[in-house]
Amino acid sequence: MQKNPLSEGLTAHNTPEPFVIVIFGASGDLSAKKLIPALFSLFTHNHIIDFTIVGFARSRWSSSDFKEKTAALIHNRFGTQTTEQETAEFLKRIHYISAPYDTDEGYTLLKKKFAAQKHLIYYLATPPHMYEPIISQLGKNRLTQSADSTFKIVVEKPFGHDVTSAKLLNSKLLSIFKETQVYRIDHYLGKETVQNIIVFRFGNGIYEPIWNNRYIDHVQITVAEKAGIEMRGSYYENAGAIRDMVQNHLLQLLCMVAMEAPNDLEPDSIRNEKVKVLKALRPITVDSPQPAVIRAQYRAGIIDGEKVKAYRKEDKVDPHSIIETYVCMRLFIDTWRWSGVPFFLRTGKRLSRRLTEISIQFKTPPHLLFGQADSTPISPNTLTLTIQPDEGITFRFNSKLPGFTTKMRAVNMNFTYGSSFAEKSPDAYERLLLDMMLNDATLFTRNDEIEQAWKFVSQLISCFKNDADKNLFFYNAGSAGPEEAHLIMTPYNSTWRKL
Ligand code: BG6
């Protein structure tokens, strides 16, 4: 029975029943940076009590090595926020299996030592080409079926490389697991501010009546990063910004903003509405005179006073690479509500600042009483949901300047999480892991949702298949992106919000 998180209050969670979580790829970055810290934090906050963590990876480590590394990372990450006793208790629950992913060896051990447990969770945090062999081995070694146990599998992104591979992966998973046992992660859905989009839209009466093409001029979604590709050259060379960010995080944000109100907050009610948005996305074509997509790549530049290298000079990157590290696009959702409203999406690495926001720009008043005398253009009302880093909501409206004048100026009305709530939000992975342990799939992507997102993105990528080099622009690291980004807005007389 899946339960509904949003109606429960954001921190009102039960404690999961005793479980074993097997992390495939436990010696990798994701495990060290996200999974182990999230599990540790859940443990120290008493959200999980009775559990075993089994690291499974190819690195030739022993359980003691894994414990030692875990202790070091807890120390670095949590420092004085934790005690030696908490760390020691956590380490008692940790084991490690060193084995290849595609032979029986490690799975036989897993079965011998842990398969008798009641609840088993498999977490795929390996490079994606290992997903298929791991799923096969789990099936072959009968580690997914037992009358006395339950099994779940969590799959990290990237989930496939295009629509065909995503379908293949789905059918592989669903040949062994049921859809209700599969949790496809998009960590953006675990962010408090992303969940708040639904609460903001459907928990307040005043926005829905104006949330449509009568009142909204356009929507801008920005996911800007200062970070580069870090040590992920070989992955990024096969992904680029479209696969890495648009297919998942940006389209999820778009769905949250554009979906219709679900009938209730059951996981499938929300996911059904998101799928409808994805299905209504108008396929992008690139042959029109007005470009709808701009791809670009960062050159060398300066960020926070430090010189950073060009993408083509990054480790494991082809010096002539034509992969995009930035993309912006104009989308349309062909529904009654959104007909004619452009959605402008942009994401990029090595930009001037880190910012994720959704900005709804409303239409200006039909008849301008103010601001005409000196031909000052009137500022449109804008509602901006800042997802990170300064989580909050800002409404921008016009106000009369003080004094003997009718002139106006745009001013802001602000809500920030930091100043309104004393509690700190849990990290996205903590939220998602706990939800999954409690069988709540609301914040995970369903098979049809992922395939639909890939359908749109694969079609988009195919537009550049033959002349990806000609369609690539450049920007300096530390800038706001390529100058050409404005081209996709020109036909709509809009401009990008300042980065
Ligand atoms: C990941 C992408 O999914 O999201 C990374 O693979 C990106 O390239 C990251 O940097 C951004 O996540 P966040 O939470 O820092 O915005």
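How each quantity is defined
- Residues numbered from 1 in each chain as written.
- Predicted model: local features only at pLDDT ≥ 70, side-chain atom pairs only at ≥ 80, totals over all residues.
- Heavy atoms only, no water.
- Helix = DSSP H or I, 4+ residues; strand = E, 2+ residues; numbered from the N terminus.
- Rg over C-alpha atoms; globule rule 2.2 N^0.38 Å.
- Contact = heavy atoms within 4.5 Å.
- Axes fitted to C-alpha atoms, helices over the stretch in contact; angles between N-to-C directions.
- Parallel < 35°, antiparallel > 145°, perpendicular 65-115°, else oblique.
- Nonpolar A, V, L, I, M, F, W, Y, C, P; charged D, E, K, R; others polar.
- Pairing = 2+ DSSP bridges.
- Near = heavy atom within 4 Å.
- Polar contact = N/O pair within 3.5 Å; in protein donor to acceptor, adjacent residues only side chain to side chain.
- Areas by Shrake-Rupley, 256 points an atom, 1.4 Å probe, with all protein chains shown as cover.
- Expected span 1.5 Å × (residues − 1).
- Buried < 20%, exposed > 50% of the residue type's maximum accessible area, 1.4 Å probe, protein only.
- Arc of directions from axis to C-beta.
- Core = buried A, V, L, I, M, F, W, Y, C linked by side-chain atoms within 4.5 Å.
- Bend = angle between axes of the 7 residues up to and from the residue.
- Left-handed = near helix turned anticlockwise from the far one by under 90°.

Undergrad: Mind laying out the overall build of the chain, listing which residues take part and the relevant values?
TA: Across its full length, the chain holds 13 helices and 16 strands. A compact globule built from 499 residues should have a C-alpha radius of gyration of about 23 Å, and the chain, at 24 Å, falls within 12% of that. Each principal axis of the C-alpha atoms in the chain carries an extent, and together these give about 80 × 50 × 45 Å. In the chain, the proportion of contacts linking residues at least 24 apart, taken out of those at least 6 apart, comes to 78%.

Undergrad: So what's going on with the packing of helix 7 (residues 192-202) against helix 9 (residues 240-258)? Residues and values would help.
TA: Orientation of helix 7 relative to helix 9, taken along the N-to-C sense of each, is 10°, at an axis distance of 9 Å. Judged by the inter-axis angle, helix 7 sits roughly parallel to helix 9. Contacts between helix 7 and helix 9 involve Val-194, Ile-197, Ile-198 and Arg-201 from the former and Leu-253, Met-256, Val-257 and Ala-258 from the latter. Per-class residue counts for the contact of helix 7 with helix 9 are seven nonpolar, no polar and one charged.

Undergrad: Residues and numbers for the pairing of strand 14 (residues 392-400), please.
TA: Every regular strand shows the same layout, with side chains that alternate between the two sheet faces. The pairing of strand 13 (residues 382-388) with strand 14 spans five bridges and is classified as antiparallel. Within strand 14, the position partnered with Leu-383 by the bridge is Phe-395. In the sheet, strand 14 pairs with strand 15 (residues 408-416) via nine bridges, with the strands oriented antiparallel. The residue of strand 15 that forms the bridge with Phe-397 is Val-411.

Undergrad: Pulling in residues and values, what's your account of the site of the ligand?
TA: Every residue lining the ligand is accounted for by Lys-157, His-187, Tyr-188, Lys-191, Glu-225, Arg-232, Asp-244, Met-245, His-249, Lys-349, Arg-354 and Gln-388. One of the side-chain nitrogen or oxygen atoms of His-187 is found 2.8 Å away from an oxygen atom of the ligand. Side-chain polar atom of Lys-349 to an oxygen atom of the ligand: 2.8 Å apart, as the coordinates give it. Protein burial of the ligand: of its 400 Å² of free accessible surface, 81% is covered by the chains. Among the residues forming the shell around the ligand, the class breakdown is two nonpolar, three polar and seven charged.

Undergrad: An account of the environment of Phe-24 is requested, with residue identities and associated values reported.
TA: The residue Phe-24 is located in strand 1 (residues 19-24) in this model. The spacing of Phe-24 and Phe-90 is 66 residues in sequence and 19 Å in space, taken between C-alpha atoms. Ignoring sequence-local partners within four residues, the contact set of Phe-24 consists of Phe-56, Tyr-101, Tyr-107, Leu-110, Tyr-122, Tyr-123, Leu-124, Ala-125, Thr-126, Ile-134 and Leu-138.

Undergrad: Lay out helix 6 (residues 163-176) in plain terms, naming residues and giving numbers.
TA: The terminal C-alpha atoms of helix 6, which comprises 14 residues, lie 20 Å apart, in line with the 20 Å expected from a rise of 1.5 Å per residue. Regarding helix 6, the residues found buried are Val-163, Ala-166, Leu-169, Asn-170 and Leu-173. Looking straight down helix 6, one finds that the buried residues subtend no more than 130° of arc, so they occupy a single side. Pointing more than 90 degrees away from the buried face of helix 6 are the exposed residues Thr-164, Leu-168 and Ser-175. Packing partners of the buried residues in helix 6 comprise helix 5 (131-140), strand 5 (150-155), strand 6 (182-184) and helix 13 (447-463).

Undergrad: Which residues make up the side chain of Ser-458, and what are the values?
TA: Within the fold, Ser-458 resides in helix 13. With a relative accessible area of 17%, Ser-458 lands in the buried category. One polar contact links the side chain of Ser-458 to the main-chain amide nitrogen of Val-163, over a distance of 3.0 Å. The residues contacting Ser-458, other than those within four sequence positions of it, are Asp-162 and Val-163.

Undergrad: Could you give me a rundown of the side chain of Arg-337, with the residues and numbers involved?
TA: Its place among the elements puts Arg-337 in the loop between strand 10 (326-331) and strand 11 (343-348). Judged by its relative accessible area of 15%, Arg-337 falls in the buried class. In this structure Arg-337 touches Arg-201, Glu-208, Trp-211, Asn-212, Asn-213, Ala-258 and Glu-260, once residues within four positions along its chain are discounted.

Undergrad: Run through the sheet that holds strand 1, naming residues and quoting values.
TA: Taken in spatial order, the six strands make up an open sheet running 3-2-1-4-5-6, and their pairing is parallel. Each having just a single partner strand, strand 3 (94-98) and strand 6 make up the two edges of the open sheet. When the angles between neighbouring strand axes are averaged without regard to direction, this sheet yields 20°. Contacting strand 1, strand 2 (51-57) and strand 4 (119-124), helix 1 (residues 29-44) crosses the sheet at an angle of about 165° to strand 1. Packed on one face of the sheet, helix 12 (residues 428-437) meets strand 1, strand 4, strand 5 and strand 6 and runs near 140° to strand 4.

Undergrad: Can you tell me about the environment of Lys-178, naming the residues and giving the values?
TA: As for its placement among the helices and strands, Lys-178 is situated in the loop between helix 6 and strand 6. Judged by relative accessible area, Lys-178 falls into the exposed class, the value being 59%. In this structure the C-alpha to C-alpha distance between Lys-178 and Phe-151, which are 27 residues apart in sequence, comes to 9.7 Å.

Undergrad: Quick rundown of the nonpolar core? Include the residues and the values.
TA: Within the largest apolar cluster, 146 residues are counted, with the highest numbers of intra-cluster contacts made by Phe-24 and Tyr-122. In terms of residue count, the dominant contributor to this core is helix 9 (12 residues).

Undergrad: Explain helix 1 residue by residue, including any values.
TA: In a regular helix each residue adds 1.5 Å, so 16 residues correspond to 22 Å; helix 1 covers 22 Å between its end C-alpha atoms and thus fits that length. Along helix 1, the largest kink reaches about 30° and is centred on Leu-35; proline Pro-37 follows within four residues of it. Turning to helix 1, its buried residues are Ser-31, Leu-35, Ile-36, Pro-37, Ala-38, Leu-39, Phe-40, Ser-41, Leu-42 and Phe-43. Positive backbone phi, approximately 60°, marks Asn-46, located one or two places after helix 1.

Undergrad: Quick one: what's the story with the packing of helix 9 against helix 13, residue by residue and with numbers?
TA: Relative placement of two packed helices is described by the angle separating their axes and the distance separating the axes. At a minimum axis distance of 10 Å, the contact between helix 9 and helix 13 shows a crossing angle of 130°. Judged on the interaxial angle alone, helix 13 and helix 9 are oblique. Along this stretch, helix 9 crosses helix 13, giving a crossing that reads as right-handed. Here Ile-242, Arg-243, Val-246, Gln-247, Leu-251 and Gln-252 of helix 9 lie close against helix 13, whose contacting residues are Glu-449, Ile-450, Ala-453, Trp-454, Phe-456, Val-457, Leu-460 and Ile-461.

Functional significance is not addressed by these values, which are geometric in nature.
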